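Each chain is listed here by its residues.
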Amino acid sequence: MTVYHKLEKNENFQQFLNENNNFLVVLFFAAHWSEESKLMSSILQEMCKDETSKLSLRAIEIEAEDFEEISINYGVEAVPTFILIKNKKVVNKLSGVDPVELRKRIAQSLQATSIVSGQKPEDLTERLKRLINQAPVVLFMKGSPQEPRCGFSRQMIEILKNDDVTFSYFDILSDNEVREGLKKFSNWPTYPQLYVKGELIGGLDIVKELVASGEFKTMVPTKDDSLNEKLKQLVNKSKVMLFMKGRKDEPKCGFSRQIIELLNDTGIKFDSFDILTDDEVRQGLKEYSNWPTYPQLYVDGELVGGLDIVKELKQSGELETTLQGKQ
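What you see is a predicted model; the values in this text were computed from it and never measured.

## Considering the sheet that holds strand S2 (residues 24–30)
Part 1 of the argument: Taken together, the 5 strands give an open sheet; going across it, the order is S1-S3-S2-S4-S5, and neighbouring strands pair in mixed fashion. Across the chains shown, the open sheet's two edge strands, defined by having one partner strand only, are strand S1 (4–6) and strand S5 (89–95). In this sheet, neighbouring strand axes are inclined to one another by 20° on average, regardless of whether the strands run parallel or antiparallel.
Part 2 of the argument: Bridge analysis of S2 against strand S3 (residues 57–63) gives 7 bridges, and the strand direction is parallel. Its bridge partner being in S3, Leu 27 is matched across the sheet by Ile 60.
Part 3 of the argument: Each of S1, S2, S3 and strand S4 (81–86) is contacted by helix H2 (residues 35–47), which is oriented at about 160° to S2, the strand it contacts most.

## Quick word on the nonpolar core
Part 1 of the argument: Judged by nonpolar contacts, the single largest core of 19 residues is most densely connected at Val 26, Leu 44, Phe 82, Leu 102 and Ile 106.
Part 2 of the argument: When residues of this core are traced back to their parent elements, those giving at least two are S2, H2, S3, S4, S5 and helix H5 (99–111).
Part 3 of the argument: Those residues in contact with Ile 106, other than ones at most four positions away along the chain, are Leu 24, Val 26, Leu 44, Met 47, Leu 57 and Leu 84.

## Here's the deal with the environment of Gly 143
Part 1 of the argument: Tracing the sequence through the fold places Gly 143 in the loop between strand S6 (137–141) and helix H8 (151–162).
Part 2 of the argument: Ignoring sequence-local partners within four residues, the contact set of Gly 143 consists of Pro 148, Arg 149, Tyr 169, Asp 171 and Leu 173.

## Focus on the pattern of salt bridges
Close approach of charged atoms allows side chains with opposite charge to pair.
Part 1 of the argument: All chains considered together, the criterion is met by 13 salt bridges.
Part 2 of the argument: A salt bridge links Glu 68 to Arg 282; its shortest N-O distance comes to 2.1 Å. Separated by 214 residues along the polypeptide, Glu 68 in helix H4 (residues 68–73) and Arg 282 in helix H14 (residues 279–289) bring together distant segments of the chain.
Part 3 of the argument: In this structure Glu 68 comes out as partly exposed when scored by relative accessible area, which is 27%.
Part 4 of the argument: Notably, a salt bridge pairs Asp 271 with Lys 237, separated by 4.0 Å at the nearest N-O pair. Of this pair, Asp 271 sits in strand S13 (residues 271–274) while Lys 237 is found in the loop between helix H12 (225–235) and strand S10 (240–244), placing the two residues 34 residues apart along the sequence.
Part 5 of the argument: A relative accessible area of 25% means that Asp 271 is categorised as partly exposed.
Part 6 of the argument: Note on Lys 237: relative accessible area 52%, which makes it exposed.

## Comments concerning helix H13 (residues 254–266)
Part 1 of the argument: Taking 1.5 Å of rise per residue, 13 residues should cover 18 Å, and H13 covers 19 Å from first to last C-alpha, within 8% of that figure.
Part 2 of the argument: Along H13, the positions that sit buried rather than exposed are Gly 254, Ser 256, Ile 259, Ile 260, Leu 262, Leu 263 and Thr 266.
Part 3 of the argument: In this structure, the buried residues of H13 make contact with S10, strand S12 (250–251), strand S14 (296–299), helix H15 (307–316) and helix H16 (319–324).
Part 4 of the argument: Positive backbone phi, approximately 80°, marks Gly 267, located one or two places after H13.

## A word on the side chain of Thr 81
Part 1 of the argument: Counting through the fold element by element, Thr 81 comes out in strand S4.
Part 2 of the argument: A distance of 2.6 Å separates a polar side-chain atom of Thr 81 from the backbone oxygen of Ala 78.
Part 3 of the argument: Residues within four places of Thr 81 in sequence aside, it is in contact with Leu 27, Phe 28, Phe 29, Val 76, Lys 93, Leu 94 and Ser 95.

## What about the sheet that holds strand S8 (residues 193–196)?
Part 1 of the argument: Taken in spatial order, the 4 strands line up as S7-S6-S8-S9 in an open sheet, and their pairing is mixed. Edge strands, defined here as strands with exactly one partner in the open sheet, are strand S7 (168–171) and strand S9 (199–202). Pairwise comparison of adjacent strand axes, ignoring direction, gives a mean angle of 25° for this sheet.
Part 2 of the argument: Bridge analysis of S8 against S9 gives 3 bridges, and the strand direction is antiparallel. The partner of Tyr 195 across the bridge, within S9, is Leu 200.
Part 3 of the argument: Each of S6, S8 and S9 touches H8; the most contacted strand, S6, lies at about 160° to it.

## Section: the environment of Lys 38
Part 1 of the argument: Mapped onto the fold, Lys 38 is located in helix H2.
Part 2 of the argument: Considered as a pair, Lys 38 and Asn 290 are 252 residues apart in the sequence and their alpha carbons are 35 Å apart.

## A word on the packing of aromatic side chains
Part 1 of the argument: Taken as a whole and assessed by the stated rule, the structure comprises 7 aromatic pairs.
Part 2 of the argument: Centre to centre, the rings of Phe 29 and Tyr 74 are 6.3 Å apart; their planes meet at 40°, and the pair counts as tilted. Of this pair, Phe 29 sits in strand S2 while Tyr 74 is found in the loop between H4 and S4, placing the two residues 45 residues apart along the sequence. When sorted by exposure, Phe 29 lands in the same class as Tyr 74, which is buried.
Part 3 of the argument: Aromatic side chains Phe 243 and Phe 273 sit 5.7 Å apart centroid to centroid with 45° between the ring planes, which places their arrangement in the tilted category. Here Phe 243 is found in strand S10, whereas its partner Phe 273 is found in strand S13, with 30 residues between them in sequence.
Part 4 of the argument: Residue Phe 243 is classed as buried on the basis of its relative accessible area of 0%.
Part 5 of the argument: Residue Phe 273 is classed as buried on the basis of its relative accessible area of 15%.
Part 6 of the argument: Through successive ring pairs, a cluster of aromatic residues spans Phe 13, Phe 29 and Tyr 74.
Part 7 of the argument: The ring of Phe 270 has Lys 248 lying over it, and the distance from NZ or CZ to the ring centre is 4.8 Å.

Cut-offs and rules
Residues numbered from 1 in each chain as written. Predicted model: local features only at pLDDT ≥ 70, side-chain atom pairs only at ≥ 80, totals over all residues. Heavy atoms only, no water. Pairing = 2+ DSSP bridges. Helix = DSSP H or I, 4+ residues; strand = E, 2+ residues; numbered from the N terminus. Axes fitted to C-alpha atoms, helices over the stretch in contact; angles between N-to-C directions. Contact = heavy atoms within 4.5 Å. Core = buried A, V, L, I, M, F, W, Y, C linked by side-chain atoms within 4.5 Å. Buried < 20%, exposed > 50% of the residue type's maximum accessible area, 1.4 Å probe, protein only. Salt bridge = Lys/Arg side-chain N within 4 Å of Asp/Glu carboxyl O. Expected span 1.5 Å × (residues − 1). Polar contact = N/O pair within 3.5 Å; in protein donor to acceptor, adjacent residues only side chain to side chain. Phe/Tyr/Trp six-rings, centres within 6.5 Å; stacked < 30°, edge-to-face > 60°. Lys NZ or Arg CZ within 6 Å of the ring centre and 35° of its normal.

What follows is the structure, given as structure tokens:
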């Protein structure tokens, strides 16, 4: 039986948890560009080779940037990060390069799962509160807005899009703990569930009734002029403005790290905005700029592009001229 795995597809994640429900599962969030991740990967793989691990442990390496939703759901803010799970419940968490502490945490979790699990109801409640408040409007659904996995979720997405509602979402099929826990937390037994400002509005039938009565538009924020004005002010905050994951001095993804290095090499001053701190900006700027990914670079309020564009400008010798903008 293989002890150490690598996540290849998003849909395989829940299957992995289900198949290894009786084991202590280590979710290892890594990044291919991170030397620390490579080091801890080799160490964790060695841990998985002993006989005790074969009987009681399963580990899965997850590329944090490629599986961003899973990373956000587990509160991963840096790599490497280790989430220890038993019976689909988080029992421990560790970030950074500390092999000794990782071995200690795994041993403790194997020996004292019942004690740690006894603390989990409060932890789950806090996690659910964080999820329902991650954006002004949050939809808990089956699948994603691009690929809804049930008819009710598909209808809810159509309603939100027709009413021009900016929203975040959570795929309940990716996490059974959230799926079951939210039913009790909200006292609502079915999905989808729609939340506005942390409060449950209801399911599809309730939302349909609100739409029919005309009340729905008054209850949810929309992508109106106020958001566009906010975005306009942000892209013009500095002559050269970078929207990225993390800060200039602490980028939180490889793409942001690379673009920071390219900009720093020019010696031209620039400002930045951490999109992880404001989901409204993070989602809204994609449509405002018609650019679906991050980082995004702006000069004089105009979009230059992402990392690939900046690399091309660097190679052609046009980057510094572009950053100087209008004279």
